[in-house]
Amino acid sequence: MDKKKIELGHGSGGLLTRELLDELIFSTFRNPYIDQKHDGAVLPLTGEVVISTDSFVVSPIFFKGGDIGELAVNGSVNDVAMCGGIPKYLSLAFIIEEGLPVEDLKKILQSISIAAKRSGVEVVTGDTKVVEKGKGDRIFINTTAVGMKHPGADITMSRILPGDQIIVNNSLAQHGMAIMSEREGLAFESAISSDTTNLNYVVSDILDRFGTQIHLLRDATRGGVAGVLSEIAVDTSLGVFLKEEAIPLQKQVAAACDLLGLDPLYVANEGVFLVVAHQDIAHDLLEALKVQDPEASPAIIGEITTAHPEMVVLESKIGGRRVVTPLIGEQLPRIC
Amino acid sequence: MKYLDEYRDRDATRVFLKQIRETVTRPWKIMEICGGQTHGLVKNGLLDLLPDEVQMIHGPGCPVCVTPKSLIDMAVQLMEKGVVVCSFGDMVRVPGTTKSLLQAKAEGGDLRVLYSPIEAVTIARDNPEKEVVFFAVGFETTAPADALSVLHAKKEGLTNYSILVSHVLVPPAMEAILADEHAVIDAFLGAGHVCAIMGTTAYEPLARKYQIPIVVTGFEPLDLVDGIYRAVKQLEAGKYKVENQYSRVVRKEGNLEARKVIETVFEVATREWRGIGPIPDSGYRLRDAFVDFDAELKFGVCSDTAENTSGCIAGEILKGLKKPHQCPYFAKECTPAKPLGAPMVSSEGACAAYYHFSDHLIKT
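Here, residues in each chain are numbered from 1, in the same order as that chain's written sequence. Chains carry letters and ligands carry numbers; both start at the beginning, A for chains and 1 for ligands, and go up in the order they are written. Reporting in this predicted model follows two pLDDT cut-offs: at least 70 for local features of residues, and 80 or more for side-chain atom pairs to be given and counted; totals over whole chains, interfaces and linings ignore these cut-offs and use all residues. Hydrogens and waters are ignored; side-chain quantities use all the structure's heavy atoms.

- An unreviewed UniProt entry annotates chain B as Hydrogenase formation protein HypD originating from Robertkochia marina.
- UniProt positions are given in the numbering used here, feature names are shortened, and annotations may be inferred rather than shown by experiment. The record in UniProt for chain B states the following under Sequence similarities (unreviewed entry): "Belongs to the HypD family."

- Going by the annotation in an unreviewed UniProt entry, the name recorded for chain A is Hydrogenase expression/formation protein HypE, with Robertkochia marina given as the source organism.
- Quoted verbatim from the Sequence similarities (unreviewed entry) heading of the UniProt record, the comment on chain A is "Belongs to the HypE family."

Structure below.
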């Protein structure tokens, strides 16, 4: 491509669009579906189909541990996995603000390509629009992931029982704090990296082993772990009891949260999911997660209870209790 | 974390809690002045662990909660005039007469949430064509940085930077609470970080005049239970001293450098407190030499909003005369999502703290 920056013409449907598609998009994603260069894709899916869509508007678009492209793939892939699906195909739509350097778009496309390969999904269709300068924020991405339901999965809120254990696969709040430190220009002893990753294989593995003993899967993205747990408490009319001591948190993430006055329970994650599982298999499941990713810090952080229905109660490290309420609006840093 | 984990130790905290239980013989009402302490009590579930005799009253030390509506209205007016308004985070959701800063932003205003006023000076330097105002809210803790931002701007010759001053002081607020004829407070936990700046001497006359123990206290669980224990010990022994629990941070004379910066830029003035009204000599205004940096004068914004048209009983709450759940609107018409008044907004605010802790909900 001759142009160094994306122009309105790249979204007009004319020659510039053709150039952008041919030289950047179609050459990056080669597969029998996208090679048709059609408006959509005809896919060989059988049985129960799982679908999920998500839009990505993160700023900055490049951050420690990832970028908006990787996030856009992992986000939809993980959402399908959380429904008990095995993601196979991905649609990819861009809304680009005029003036985005073509180099940035290339980098993002590379990340998307790598992330898609890593999670075993194929980009089969897409769309590109360009908006005037000031009408967007560099680049927005929407992805939709489609896949088949895992035969052993029966994931629904209504299957949650008192006594079920709540397990997280890794330590919390890394993504949100990576973004925050980038935005605030904060440097910590060791930099905090986003935890963005695809979770479809680990989910598929635990579904193979534990099947219907897994009652709910949920990734703790926006609203964090507190958001997911509040939803569980309200929707099931059961209580959620958490032990602060058991919640895995990297030291520098805890320090960053302290410094910025944020509660890690509400901070966004991109590679953390919660499993609500029957108590009989909780420890085996924990071991399975450890084997899957030896560098992660999975933990049983709490349980479902009939005490305090519809409420999430946390026992603090020093043994006091408090209610964890859902996040209202954005989490606001405190003055002092 | 060095100097943090030690103050979050479960066993050490338990020892103090046990000592409190063993010392207390009758009910006491202890007010923690600072919103940061309220936050610490709530976040760590400490209220749940204190004996019933010790009742903590959440004081007025939440800067967001005591900033009068009129100042928020002025900040909104500035945004509507196209001024870039910079603010600390928890201020932006507090309702003014018609809207909050966040709502003004949604309508097209330029609002930046910052961690330090020095960043606002950078914004002013980088955008010479724009007017930049920092919403200088807070107690003695934020005053040095706000004053410093003015000194920086003056030194650099920036003419597009100014501050909207809403600075308040702790000791006059404590006196206003004690002087109230319905005053119910038996002891204070003094605000550790305020004292780190200003020192502790200003509290001596208060302790003597009102015969009330004042324990300058930190914010970690161990600090808080230690502070409460010291207050209970004094109360049970009939003493009323100023004690410094937070001696690893607080010196008697405070931080002399910071005080010098404050005194260079600000002078003491009467200030209005949300829910309490005007208190003489209870805040700061810019000295005449820095009048060019006064956003209120520079842009001619003003507001004569009558306080308390929403039914919010913030005044009674802040003075400890009523508990949040005794307000008819608490958790009904007034929630953190739709606050009628400021104490429901900040996580430091007494009402929000109550809402989030919901002690009454857990125990029933």
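Still more to cover.
### Considering the overall build of chain A
And then number 1: Helix and strand definitions follow DSSP, with helices as H or I runs of at least four residues and strands as E runs of at least two, each counted in order from the N terminus. Per the secondary structure count, chain A includes 8 helices and 13 strands.
And then number 2: The globule rule is 2.2 Å times the number of residues to the power 0.38, and the radius of gyration it is compared with is taken over C-alpha atoms. The C-alpha atoms of chain A give a radius of gyration of 21 Å, which matches the 20 Å a tight globule of 336 residues would have.
And then number 3: With the C-alpha coordinates aligned to their principal axes, the bounding extent of chain A is approximately 65 × 55 × 35 Å.
And then number 4: Classification of the 336 residues of chain A by burial places 56% in the buried group.
And then number 5: Between two residues, a contact is recorded if the distance between any of their heavy atoms is within 4.5 Å. In chain A, 85% of the contacts between residues at least 6 apart in sequence involve partners at least 24 apart.
And then number 6: Charged residues are defined here as Lys and Arg on the positive side and Asp and Glu on the negative side; His and the ends of the chain fall outside this count. Charge positions are represented by NZ for Lys, CZ for Arg, CG for Asp and CD for Glu. Put simply, chain A has 29 plus and 45 minus side-chain charges, and the middle of one group is 4 Å from the middle of the other. Throughout this description, buried means an accessible area under 20% of the type-specific maximum (1.4 Å probe, protein chains only), exposed means over 50%, and partly exposed covers the range between.

### Concerning the nonpolar core
Residue and element names in this part refer to chain A.
And then number 1: Ranked by internal contacts, the top residues of the largest apolar core, which has 62 residues, are Met177, Ile206, Leu217, Ile232, Phe273 and Leu285.
And then number 2: The greatest single-element share of this core, amounting to 6 residues, is contributed by helix H6 (residues 224-236).
And then number 3: Beyond its immediate chain neighbours, meaning those up to four positions away, Ile232 contacts Met157, Ile160, Leu216, Ser237, Val240, Val276 and Ile304.
And then number 4: Within the second largest apolar cluster, 38 residues are counted, among which are Leu71, Ile108, Ala115 and Val121. Only buried residues count toward a nonpolar core, which is a set of Ala, Val, Leu, Ile, Met, Phe, Trp, Tyr and Cys residues joined through side-chain atoms within 4.5 Å.

### Considerations on the domain arrangement of chain A
Residue and element names in this part refer to chain A.
And then number 1: Here the limits of each domain have been adopted from an automatic or database domain assignment. You can read the domains of chain A as domain 1 (8-149) and domain 2 (157-324).
And then number 2: Taken together, the contact between domain 1 and domain 2 spans 21 residues of the former and 22 residues of the latter.
And then number 3: Taken over both partners, the interface formed by domain 1 and domain 2 buries close to 1,800 Å², and the fraction arising from carbon and sulfur atoms is 57%.
And then number 4: Summed over both partners, buried area is the accessible surface (1.4 Å probe) that two parts give up on being assembled. Considering only the side of domain 1, the residues that lose the most area to domain 2 are Lys64, Asn78 and Met82, jointly responsible for 34% of the buried surface there.
And then number 5: As used in this structure description, the phrase polar contact means that two N or O atoms lie within 3.5 Å; if the pair is within protein, one of them must be able to donate a hydrogen and the other to accept it, and residues adjacent in sequence are counted only when both atoms belong to side chains. Viewed at the interface, domain 2 and domain 1 are joined by 8 residue pairs in polar contact (both at pLDDT 80 or more).

### Here we look at the interface of chain B and chain A
And then number 1: Contact residues are listed per partner, giving 40 residues for chain B and 28 residues for chain A.
And then number 2: Between chain B and chain A, a total of about 3,000 Å² is buried, with carbon and sulfur atoms accounting for 60% of that surface.
And then number 3: Each reported salt bridge corresponds to a side-chain nitrogen of Lys or Arg within 4 Å of a carboxyl oxygen of Asp or Glu. Summed over the shared surface of chain B and chain A, the result is 3 salt bridges.
And then number 4: Along the contact surface separating chain B from chain A lie 7 residue pairs in polar contact (both at pLDDT 80 or more).
And then number 5: Within the residue set of the side of chain B that touches chain A, elements represented by two or more residues are helix H1 (10-23), helix H2 (35-43), helix H3 (63-66), helix H15 (350-357) and helix H16 (359-363) of chain B.
And then number 6: The biggest single contributor to the side of chain B that touches chain A is H2(B), with 4 residues.
And then number 7: Under this grouping Gly is polar, as are all residues other than the nonpolar Ala, Val, Leu, Ile, Met, Phe, Trp, Tyr, Cys and Pro and the charged Asp, Glu, Lys and Arg. The residue inventory of the side of chain B that touches chain A, partitioned by class, reads 19 nonpolar, 10 polar and 11 charged.

### Comments concerning the sheet that holds strand E1 (residues 49-56) of chain A
Residues and elements named next belong to chain A.
And then number 1: Only when DSSP finds a minimum of two bridges between them are two strands counted as paired. Across the sheet, which stays open at both edges, the 4 strands sit in the order E1-E6-E4-E5 with mixed pairing between neighbours. Each end of this open sheet is capped by a strand with a single partner; those strands are E1 and strand E5 (122-131). On average, each strand axis in the sheet is tilted by 15° relative to the strand beside it, whichever way the strands run.
And then number 2: Where E1 meets strand E6 (residues 139-149), 8 bridges bridge the pair, whose relative direction is antiparallel. Its bridge partner being in E6, Ile51 is matched across the sheet by Val146.
And then number 3: Contacts from helix H2 (residues 68-82) reach E1, strand E4 (85-97) and E6 within the one sheet, and its direction differs from that of E1 by about 150°. To get an axis, fit a line to the C-alpha atoms, keeping to the stretch in contact for a helix; angles then go from 0 to 180 degrees between the N-to-C directions.

### Thoughts on the confidence of the model for chain B
Any region with low pLDDT has predicted coordinates that should not be read closely.
Residue and element names in this part refer to chain B.
And then number 1: What pLDDT conveys is the predictor's confidence in a given residue, as a value from 0 to 100. Summing up the model confidence of chain B, the mean pLDDT is 90 and the portion of residues at 70 or higher is 95%.
And then number 2: Confidence over residues 360-364 falls short of pLDDT 50; this stretch has 8 contacts with residues more than four positions distant or in other chains.
And then number 3: Interface predicted TM-score (ipTM) for the complex: 0.80; the corresponding pTM is 0.87.

### Here's the deal with unusual backbone geometry
Residues and elements named next belong to chain A.
And then number 1: Note the cis peptide between Ser59 and Pro60, where omega equals 0°.
And then number 2: Among the structural elements, Pro60 can be located in the loop between E1 and strand E2 (62-63).
And then number 3: One non-glycine residue, Glu310, adopts positive backbone phi at about 65°.
And then number 4: With relative accessibility at 44%, the residue Glu310 sits in the partly exposed group.

### Considering the UniProt feature "domain: PurM-like N-terminal" (unreviewed entry) in chain A
And then number 1: Mapped onto the present numbering, the UniProt feature "domain: PurM-like N-terminal" (unreviewed entry) falls on residues 38-148 of chain A.
And then number 2: Between the C-alpha atoms that bound residues 38-148 of chain A the distance is 23 Å, and the span itself is 30% helix and 41% strand.

### Quick look at the pattern of salt bridges
And then number 1: Inspection of every chain in the model, using the stated rule, returns 33 salt bridges over all chains.
And then number 2: The partner of Arg218(A) in a salt bridge is Glu231(A), with the nearest N and O atoms 2.8 Å apart. Remark: Glu231(A) occurs in helix H6 and Arg218(A) occurs in strand E8 (residues 214-219); sequence separation between them is 13 residues.
And then number 3: Note on Glu231(A): relative accessible area 37%, which makes it partly exposed.
And then number 4: Ionic pairing is found between Lys298(B) and Glu131(B), a salt bridge with its closest N-O pair at 2.9 Å. A residue pair is termed long-range when its members are at least 10 positions apart, and Lys298(B) in helix H13 (residues 295-299) and Glu131(B) in the loop between helix H6 (117-126) and strand E5 (132-138) qualify at 167 residues.
And then number 5: The class for Lys298(B) is partly exposed, based on a relative accessible area of 31%.
And then number 6: On the basis of relative accessible area, Glu131(B) is assigned to the partly exposed category, the value being 26%.
And then number 7: One network of salt bridges, with partners in common, ties together Asp258(A), Arg8(B), Lys43(B) and Glu220(B).

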